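# Architecture at a glance
Here is how the chains run, residue by residue.
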Amino acid sequence: MELVCPAGTPAALRAAADAGADAIYCGFANETNARNFPGLNFSPTELADGVAYAHAKGAKVLVAINTFARAGSIGLWRQAVDDAAACNADAIIAADLAVLEHAAEKHPDRRLHLSVQAAANSPEAIRFYSDTFGVKRVVLPRVFSVPEIAALNREIDVETEVFVFGGLCVMTEGRCSLSSYATGKSPNLTGVCSPPDHVDYREDNAGRLLAQLGGFTIDSFEKNTPAGYPTLCKGQFSAEGRTGYLFEDPVSLNAFELLEDLAKAGVTALKIEGRQRGKAYIAGVVSGFRRAVDGLATGTDAGPAIAALKTFSEGGRQTSGSYKKTWR
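To keep things clear, this report deals only with the structure shown in the data block. (Residues numbered from 1 in each chain as written. Predicted model: local features only at pLDDT ≥ 70, side-chain atom pairs only at ≥ 80, totals over all residues. Heavy atoms only, no water.)

### Points about the side chain of Ser115
Turning to its location among the elements, Ser115 is positioned in the loop between β5 (111-114) and α5 (123-133). The class for Ser115 is buried, based on a relative accessible area of 2%. (Helix = DSSP H or I, 4+ residues; strand = E, 2+ residues; numbered from the N terminus. Buried < 20%, exposed > 50% of the residue type's maximum accessible area, 1.4 Å probe, protein only.)

### Concerning helix α4 (residues 97-106)
Considered for burial, the residues of α4 that qualify are Val99, Leu100, His102 and Ala103. Here the buried residues of α4 occupy an arc of 160° about the axis, which is enough to place them on one side. At its buried positions, α4 is contacted by β3 (60-65), α3 (75-86), β4 (91-94), β5 and α5. Near the N-terminus of α4, the side chain that reaches the backbone nitrogen of Ala98, with its oxygen 2.8 Å away, is that of Asp96. (Arc of directions from axis to C-beta. Contact = heavy atoms within 4.5 Å. Polar contact = N/O pair within 3.5 Å; in protein donor to acceptor, adjacent residues only side chain to side chain.)

### Here's the deal with the pairing of strand β7 (residues 159-166)
Counting buried residues in β7 gives 7 out of 8 residues, a clear majority hidden from the surface. In this region the chain leaves strand β6 (residues 137-139), passes through helix α6 (residues 146-153) and returns to the parallel neighbour β7; the handedness of that crossover is right-handed. (Right-handed = clockwise from strand over helix to strand, strands pointing away.)

### Considering the packing of α3 against α4
Two packed helices can be described by the angle between their axes and the distance between those axes. Close contact between α3 and α4 brings their axes to 10 Å; oriented N to C, the two are set at 35°. Considering only the axes of α3 and α4, their crossing is right-handed. Contacts between α3 and α4 involve Trp77, Arg78, Val81 and Asp82 from the first element and Val99, His102 and Ala103 from the second. Here the contact of α3 with α4 is composed, by residue class, of 4 nonpolar, 1 polar and 2 charged. (Axes fitted to C-alpha atoms, helices over the stretch in contact; angles between N-to-C directions. Left-handed = near helix turned anticlockwise from the far one by under 90°. Nonpolar A, V, L, I, M, F, W, Y, C, P; charged D, E, K, R; others polar.)

### Quick notes on unusual backbone geometry
The phi torsion at Asn41 lies on the positive side, around 80°, for a residue other than glycine. For Asn88, which is not glycine, the phi dihedral falls at a positive 70°. Within the fold, Asn88 resides in the loop between α3 and β4.

### Observations regarding the pairing of strand β1 (residues 2-6)
Of all 5 residues that make up β1, 5 are buried, and the element is covered over most of its length. Residues of β1 alternate between two faces, with Glu2, Val4 and Pro6 on one and Leu3 and Cys5 on the opposite face, all of them buried. Pairing geometry for β1 and strand β14 (residues 269-272), over 3 bridges, is parallel. Considered in β14, the bridge of Glu2 is made with Ala269. Relative to strand β2 (residues 23-26), β1 runs parallel, the two being bridged by 3 bridges. Residue pairing for β2: Pro6 is matched across the bridge by Tyr25. For the crossover from β1 across helix α1 (residues 10-19) to β2, the handedness is right-handed. (Pairing = 2+ DSSP bridges.)

### Re the packing of aromatic side chains
Following the criterion strictly, the structure yields 7 aromatic pairs and no others. Arranged with centres 5.3 Å apart and planes meeting at 75°, the rings of Phe128 and Tyr129 form a pair that is edge-to-face. By relative accessible area, Phe128 is classed as partly exposed at 41%. Members of the aromatic cluster, joined through ring pairs, are Phe128, Tyr129 and Phe133. One Lys or Arg, Lys271, reaches over the ring of Tyr25 and ends 4.2 Å from the middle of that ring. The side chain of Arg277 reaches across the aromatic face of Tyr281, ending 4.6 Å from its centre. (Phe/Tyr/Trp six-rings, centres within 6.5 Å; stacked < 30°, edge-to-face > 60°. Lys NZ or Arg CZ within 6 Å of the ring centre and 35° of its normal.)

Read these as spatial facts, not as claims about activity.
Shown next, in the form of C-alpha cells:
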C-alpha cells in the first residue's frame, strides 16, 4: 500500500521524502487549501522545488486544492490548479465540482484525486466523480469500518485512500455545524474547524487553564497539566445531567494494528494526517509507518517503531476510531 504523508512546509516535505514517503501531499499558501494556517504551506516556487526534491527521492507530490470555491470568484482555485500542473505535481486533490471540471478539461494528463472534503461515501457518488471527471482515487471519510471499506471497494473501480494516523474527525469532513456555529467560519471554505485566530487560553479564578474557541470554553485543565488544542468535537459538554467528552476524547487516530485488514479490504493508500505539524513529527511518524508497511511484506515486527508513535498522539492516547465503530 502507498504511504501518503503530509507536508505543511518545504522542510516537512523534505523530511517526509527522506523518511520514506511514497507520496507527499501539500497545498498553496492561500484559501484554496484546507489547511490554510499562518506561516504554513507553499508558494509556487517552493512547490516546484519541493516536487523536484521529492521526485529525486522517488516520491510523488499531490497538491490539495480542496476547499470549495467562492461563488463567482473561482479564479484563485483555477490558478492553483494551473500552478500545480506547472510545478509538475503528480496529482491534484479536489472536492469542488468547478475545480474538478477545470482540472479535467485543462490538464487531462494530471491525475485527479477526490478529497475527503467531498464526503463521497457511496458507490454511486464515487462513480459520478469517476465517470464525470476521470477521478482515479477517492479519499474516504473517516466514518467507515473495515468491512464497509471492503464492501465499497468491491463495487467501485477507483483507488481508495484511508486515514491511518493523526487527527480524528467525528463529523462528516468539512461539514461540522458545531465549529461553524462557534466561529462563524465554514470548515469547507476556510479549511479549519478551529481557526487559530479564534483560539484563546485563559486562567480562571481557581487557577485552571480554560481552552476557548470563538469565545466558548471548550475544556479546562488543572495547573501544570498539558492543555489540548480546543477542537469542538473533543471538548467537554454537559447534557442530560452528564458532563464529559460526549463526542470523543482528546485522542489521536492510529490504525497500525489494522494495516493487514486494510490491505485485505483492497485499500490502495494509507494517509497520515498532520500538515500543521513540524518536521520532527513528520519524520517520526512517516519512518514508523514506513517500517510497518514494509513489515507486512517481509514479516518484520514493526511494533517497537509504532509504539514510539504514542509520543506524537494527542494526550498520549490513541484510538482506532470508526474502523471498529468505537465512536460514541
